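Descriptive analysis of the structure
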Amino acid sequence: MQVHKDITNLPAFKNAVITIGTFDGVHTGHQQIIAQLKEEAAKVNGETVIITFHPHPRIVVKHNASAVQLLNSLDEKIALLEAQGVNHLVVVPFNEAFSNLSANDYVHDFLFARFHPHTVIIGYDHHFGKNRQGDYHLMESIGKELGFTVKEIPEQVLNEVAISSTRIREAIAGKDIITANDCLGYPYFFEGRVIEGNRLGRTIGYPTANLKIENESKLIPGNGVYAVTVTIIHQITHRKSEEYKGMMNIGVRPTVNGSHKTIEVNIFDFNEDIYGHVLQVSVHHYLRGEQKFNGLDALKEQLAKDREQSAQLLS
Ligand SMILES: Cc1cc2nc3c(=O)[nH]c(=O)nc-3n(C[C@H](O)[C@H](O)[C@H](O)COP(=O)(O)O)c2cc1C
Ligand SMILES: Nc1ncnc2c1ncn2[C@@H]1O[C@H](COP(=O)(O)OP(=O)(O)O)[C@@H](O)[C@H]1O
């Protein structure tokens, strides 16, 4: 997949079959749209093109990255779309100038002039241009004039997309990982850099990599204990390790009188110094809520059970 971040310097697409959207999560609903995109492109021997906006329009409007919790960072979205076999991803910087284009100019000067589409596939409820003035009918009539086809995403697929995005966000925040992963079509994942904790973990036989989430807009699951798999991304080479199994706690650690929220992962059958590296954590199962134990021995006993349960669920 080619990723284009400079819209003034795009290649000449061959019979571009285009769709436009945020595609946050690249979930099973999005995957159906991509299947339709690929099907149409195959019919006309064309290339599939997804146009997306970054940063998310709501972040630009609110001027606050943490006010909007998203399922994917741009890099994650790129990797997921790549895996779907899309030919081109065009990342449009969503800024004031772009958001002020009239609906007519959007189609003429942006969509037509830059892409010369063969087909544009959009939902019946898709809006574009300043104040979201442009709709499906306008796109269709300008398409007739300029010589491209506009096709609809079936209503049932559109509904599924809308329902899924909301459901997935709520499910992750509410620790319903089974529902979230089912809607996503893959296990939810996030990245964090390994920072120092208070070095207690190793003394009870469960060293835990403490994670700092660097992407403020990334949605993190609700507090509790989870079975996870992790890959380690080397901080200098960016090479990915093999996948390890592990268990994760998200919470304030009442047993050790913790005060702030921490995210920490104990990796099974592993013993390396990974401070400074990035962990990509895939969340598979929710195990239990965080508890206040009567001392470290009681916590240690519970961790042995968590480990056993995680290993079983992940096998
Ligand atoms: C799988 C897992 C479950 C945990 N569950 C709890 C818990 O229920 N209550 C709690 O206070 N701390 C819990 N912890 C956090 C431990 O208190 C923490 O790992 C320990 O204090 C070591 O901290 P350190 O990494 O900063 O040295 C859990 C940690 C892990 C990895
Ligand atoms: N199996 C493991 N799981 C997680 N981290 C491990 C493991 N083995 C070694 N480590 C290393 O030990 C650190 C965690 O040890 P811990 O005593 O909990 O210290 P800290 O409180 O600084 O996190 C991790 O950051 C990592 O560098």
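Predicted model only: the values in this text are computed from it and were never measured. (Residues numbered from 1 in each chain as written. Chains lettered and ligands numbered in written order. Predicted model: local features only at pLDDT ≥ 70, side-chain atom pairs only at ≥ 80, totals over all residues. Heavy atoms only, no water.)

Moving on, we get to the site of ligand 2. Around ligand 2, the surrounding shell holds 20 residues, and the nearest of these are Gly197, Arg199, Arg202, Ile267 and Tyr275. Interatomic distance of 2.6 Å between a side-chain N/O atom of Arg202 and an oxygen atom of ligand 2. Alone, ligand 2 offers 550 Å² of accessible surface; in the complex the protein occludes 96% of this. With respect to the pocket detection grid, ligand 2 is positioned in the second largest pocket. When residues of the shell around ligand 2 are assigned to their parent elements, the largest contribution, 3 residues, is made by strand E11 (residues 262-267). Here the residues of the shell around ligand 2 sort into 8 nonpolar, 7 polar and 5 charged. (Near = heavy atom within 4 Å. Polar contact = N/O pair within 3.5 Å; in protein donor to acceptor, adjacent residues only side chain to side chain. Areas by Shrake-Rupley, 256 points an atom, 1.4 Å probe, with all protein chains shown as cover. 1 Å grid on protein atoms, 1.4 Å probe; cavity = no way out; pocket = protein on both sides within 12 Å on 5 of 7 lines; lining within 4 Å. Sits in = over half its atoms within 2 Å of the grid points. Helix = DSSP H or I, 4+ residues; strand = E, 2+ residues; numbered from the N terminus. Nonpolar A, V, L, I, M, F, W, Y, C, P; charged D, E, K, R; others polar.)

A few words on the environment of Tyr106. With respect to the element layout, Tyr106 can be found in helix H5 (residues 103-115). Through-space distance from the C-alpha of Tyr106 to that of Gly134 is 8.9 Å; in sequence the pair is 28 residues apart. When residues no more than four places from it in sequence are discounted, the contact partners of Tyr106 are Ile20, Phe53, Phe98, Leu101, Leu111, Phe128 and Gly129. (Contact = heavy atoms within 4.5 Å.)

Bringing the layout of surface pockets into the picture now. In this structure, the largest pocket spans a volume of roughly 1,200 Å³. For the largest pocket, the lining is made up of 36 residues, of which Ile20, Gly21, Thr22, His126 and Arg132 are closest to its centre. Of all the secondary-structure elements, those providing two or more residues to the lining of the largest pocket are strand E2 (17-20), helix H1 (28-43), helix H2 (57-62), helix H4 (96-99), strand E6 (149-153) and helix H7 (155-173). The biggest single contributor to the lining of the largest pocket is H7, with 7 residues. Taken together, the residues of the lining of the largest pocket break down into 15 nonpolar, 13 polar and 8 charged. As a volume, the second largest pocket reaches approximately 890 Å³. (Points joined across faces, edges and corners; volume = space filled by probe spheres on them.)

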